[in-house]
Amino acid sequence: MHTSFNAWCVKWHLLLNITPWALLFIGGKVGLHWLHWDVWRFDSLTGTLFAAATFILAFMLSGTLRDYQASLYMPTELANAIEAIADANQVAANRHPDYDPAPLSDQLGTLTQHLLAWLETQAAIAPVDTALDQLNAHFADILRFGDAPIISRVQGEQAKLRLLIRRIRIIRDTDFLQPAYVLLELFLVSATGTLLWVQSDRFEQGLIVSTLLFVAFAYLLQLIRDLDNPFQYGDSSVLDADLSALREVVAQLPQ
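Residues numbered from 1 in each chain as written. Predicted model: local features only at pLDDT ≥ 70, side-chain atom pairs only at ≥ 80, totals over all residues. Heavy atoms only, no water.

Undergrad: Talk me through the overall build of the protein; I want residue IDs and the actual numbers.
TA: When helices and strands are tallied, the protein shows 9 helices and 2 strands. When the elements of the protein are put in sequence order from the N terminus, they spell out α-β-α-α-α-α-α-α-β-α-α. Taking 255 residues into account, the globule formula puts the C-alpha radius of gyration at 18 Å, and the protein, at 26 Å, lies well above it. With the principal axes as the frame, the protein shows a C-alpha extent of 90 × 40 × 25 Å. The buried share of the protein, reckoned over its 255 residues, is 40%. Considering only residue pairs separated by 6 or more positions, the protein has 80% of its internal contacts joining residues 24 or more positions apart. Of the roughly 14,300 Å² of accessible surface on the protein, 63% is carried by carbon and sulfur atoms. (Helix = DSSP H or I, 4+ residues; strand = E, 2+ residues; numbered from the N terminus. Rg over C-alpha atoms; globule rule 2.2 N^0.38 Å. Buried < 20%, exposed > 50% of the residue type's maximum accessible area, 1.4 Å probe, protein only. Contact = heavy atoms within 4.5 Å. Areas by Shrake-Rupley, 256 points an atom, 1.4 Å probe, with all protein chains shown as cover.)

This is the structure:
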């Protein structure tokens with residue numbers, strides 16, 4: 001039951017967020033009609049404005065969806081890299097009875113906890129970088145046994161971790177689309193103003209169509225903003241990348 005409720009919240013969260021704005025739009029539309037200020041007639045230029053706004057929305061949605069799909073797998077790739085190092089650590093322990101795998105395993109657990117804190121609570125990234133650097137000392141312990149293939153493998157996974165962390169940091173901390181949002185919001189504000197002022201032969205029909213168009217534009221704008229950063233992890237975001245793989249790693253590794 002709880003899972004179904006969470007799924008319902010994710011599905012309808014964005015629409016519920018814009019409901020107050022939709023009610024405000026309806027009130028403005030009714031007020032302008034009551035004052036006889038809805039004097040704008042629908043013509044070819046008005047249609048061009050709506051077409052341009054729709055095109056810009058579709059263009060930005062397509063780009064953000066592509067980047068969002070690539071970002072979804074990054075936490076899982078982080079978890080896989082950590083588990084690969086843990087597997088190599090266990091292999092080294094099996095091959096060399098004198099090797100103690102516990103220190104490296106503990107360090108991997110610490111690294112994963114810092115990663116989750118950095119992603120979920122916006123904690124500082126410095127502990128993550130420090131935990132990554134401290135892996136080298138544990139790799140040196142394996143190297144003492146002359147096991148070069150294992151060292152090559154774990155260093156490759158360490159490099160993968162660094163790359164993924166930097167990519168996530170860039171995606172989360174850099175506003176790539178802010179200049180594009182200026183153009184998008186300009187067209188959407190213009191389209192909203194037009195919907196408020198445009199006159200129709202039947203007011204009730206025009207009110208319904210205008211409200212639906214406004215809701216569609218506002219919903220897509222919110223959706224694009226949410227998709228643009230899948231690593232927000234706050235109440236305002238419902239489309240974040242899943243961190244369950246990292247939590248499973250924390251549960252398996254020593255605390």
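Undergrad: A description of the layout of surface pockets should follow, citing residues and the corresponding values.
TA: Considered as a void within the structure, the largest pocket measures approximately 350 Å³ in volume. Lining the largest pocket are 15 residues, with Trp 21, Thr 192, Phe 214, Ala 218 and Leu 221 positioned closest to its centre. Among the elements of the structure, helix 1 (2-34), helix 7 (178-197) and helix 8 (203-228) are those that each provide at least two residues to the lining of the largest pocket. Residue composition of the lining of the largest pocket, by class: 11 nonpolar, 3 polar and 1 charged. (1 Å grid on protein atoms, 1.4 Å probe; cavity = no way out; pocket = protein on both sides within 12 Å on 5 of 7 lines; lining within 4 Å. Points joined across faces, edges and corners; volume = space filled by probe spheres on them. Nonpolar A, V, L, I, M, F, W, Y, C, P; charged D, E, K, R; others polar.)

Undergrad: Mind laying out helix 4 (residues 102-120), listing which residues take part and the relevant values?
TA: Each turn of an α-helix holds 3.6 residues, which means side chains three or four residues apart point in the same direction. End to end, helix 4 covers 27 Å across 19 residues, agreeing with the expected 27 Å (1.5 Å per residue, within 8%). Where helix 4 is concerned, the buried positions are Leu 104, Ser 105, Gln 107, Leu 108, Gly 109, Leu 111, Thr 112, Leu 115, Leu 116, Trp 118 and Leu 119. Tucked inside the fold, the buried residues of helix 4 contact helix 3 (74-95), helix 5 (126-143), helix 6 (148-173) and helix 9 (244-252). Downstream of helix 4 by one or two residues, Gln 122 has phi in the positive range, about 60 degrees. (Expected span 1.5 Å × (residues − 1).)

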